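Take a look at the letters that make up each chain.
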Amino acid sequence: SFDNLLPESSKNRLPYFHFLHMGRLFLQYLDGRAYSCRSCKSNLALLDELVSKSFHCKNGKAYLFNFVVNVCTGPKEERLMTTGLHTVCDIFCTCCNRVVGWKYEEAFDKTQKYKEGKFILERAKLTDASEVHAAETGGSDCE
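Here the residue index of a chain counts from 1 through its sequence in written order. pLDDT decides what is reported in this predicted model: residues at 70 or higher carry local features, side-chain atom pairs at 80 or more are listed and counted, and totals for whole chains, interfaces and linings draw on all residues regardless. The side-chain numbers reported here are obtained from all heavy atoms of the structure, hydrogens and water having been left aside.

## Details of the pairing of strand β6 (residues 60–65)
So the rule is basically this: By this definition, two strands are paired if DSSP reports at least two bridges between them. In DSSP terms, a helix is any run of H or I states spanning at least four residues, a strand is any run of E spanning at least two, and both are numbered starting from the N terminus.
Examined bridge by bridge, strand β5 (residues 50–57) and β6 share 5 bridges and lie antiparallel to one another. Across the sheet, L50 pairs through a bridge with F65, a residue of β6. The antiparallel hairpin formed by β5 and β6 contains 2 residues in its connecting segment.

Right, dumping it as structure tokens:
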């Protein structure tokens with residue numbers, strides 16, 4: 001069972017977990033309004049897991065999430081960001097293998113500790129449910 005890999009807050013809410021089995025990739029599909037990879041449309045995070053839209057990255061806006069799915073992590077590295085030094089690792093979409101953001105592993109400034117274990121998804125690399133619906137119907141009510 002993969003239950004021990006999920007955070008306690010997500011157990012019993014997220015029915016599937018991605019994993020490789022005999023060369024096949026299994027992706028988790030989220031029930032509810034979800035942000036997805038712009039490239040391959042794999043679900044990445046529920047709107048309910050969104051902590052803040054007040055983050056920025058080199059490509060523009062970025063969103064902070066408590067929990068994401070269908071990603072794998074790269075190696076840990078220290079990065080000097082506008083809010084100080086952090087240990088982070090890039091996160092990649094497991095379906096298309098594109099970088100979609102990063103995970104905060106450690107914050108060295110005590111005022112930034114709340115970020116530890118959380119994920120940044122770059123807005124430019126995401127679509128959300130309203131964008132997919134707008135594309136299908138020919139309209140848009142997005143940001």
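## Side note on the pattern of salt bridges
Definition in use: Only one rule defines a salt bridge in this text: a Lys or Arg side-chain nitrogen within 4 Å of an Asp or Glu carboxyl oxygen. Only protein chains enter the accessibility calculation, which uses a 1.4 Å probe; a residue whose area is less than 20% of its type maximum is buried, one above 50% is exposed, and one in between is partly exposed.
Under the defined criterion, the tally for this structure stands at 7 salt bridges. Between R33 and D128 there is a salt bridge, with its nearest N and O atoms 3.1 Å apart. One end of the pair, R33, is in the loop between β2 (24–26) and β3 (34–37); the other, D128, is in strand β11 (residues 126–128), and 95 residues separate them in sequence. What makes D128 buried here is its relative accessible area of 6%. Through salt bridges with shared partners, a single network forms among R33, R123 and D128.

## Observations regarding the state of the cysteines
Our working rule: In this description, a disulfide is simply a cysteine sulfur pair whose atoms lie within 2.5 Å.
Enumeration over the complete set of coordinates arrives at 0 disulfides. In this structure C37 is not part of a disulfide, and its nearest cysteine sulfur, from C96, lies 3.6 Å away. Classification of C37 by relative accessible area gives buried; the value is 2%. A disulfide-free cysteine, C89 has its sulfur positioned 10.0 Å from the sulfur of C72, the nearest such atom. We classify C89 as buried; its relative accessible area is 1%.

## Focus: the packing of aromatic side chains
Short version of the rule: Two rings belonging to Phe, Tyr or Trp (six-membered ring only in the last case) form a pair when the distance between their centres is within 6.5 Å. Interplanar angles under 30 degrees mark stacking, angles over 60 mark edge-to-face geometry, and anything in between is tilted.
The final tally for this structure, using the stated rule, is 3 aromatic pairs. Centroid distance Y35 to Y63: 5.8 Å. Interplanar angle 75°. Geometry classified as edge-to-face. In this pair, Y35 sits in strand β3 while Y63 sits in strand β6, placing the two residues 28 residues apart along the sequence. The same class applies to Y35 as to Y63, namely buried.

## Topic: the confidence of the model for the protein
If pLDDT is low for a region, its predicted coordinates should not be looked at in detail. Threshold: Each residue carries a pLDDT value, the predictor's own confidence for that position, ranging from 0 to 100. Residues are treated as being in contact if the distance between any of their heavy atoms lies within 4.5 Å.
Per-residue confidence for the protein gives a mean pLDDT of 82, with 73% of residues at or over 70. In the model, residues 139–143 has pLDDT below 50 throughout and makes 10 contacts with residues more than four positions away in sequence or in other chains.

## Focus: the pairing of strand β7 (residues 71–81)
Relative to strand β8 (residues 84–93), β7 runs antiparallel, the two being bridged by 9 bridges. For T73, the partnering residue across the bridge sits in β8 and is I91. Here β7 folds back onto β8 in antiparallel fashion, the turn holding 2 residues.

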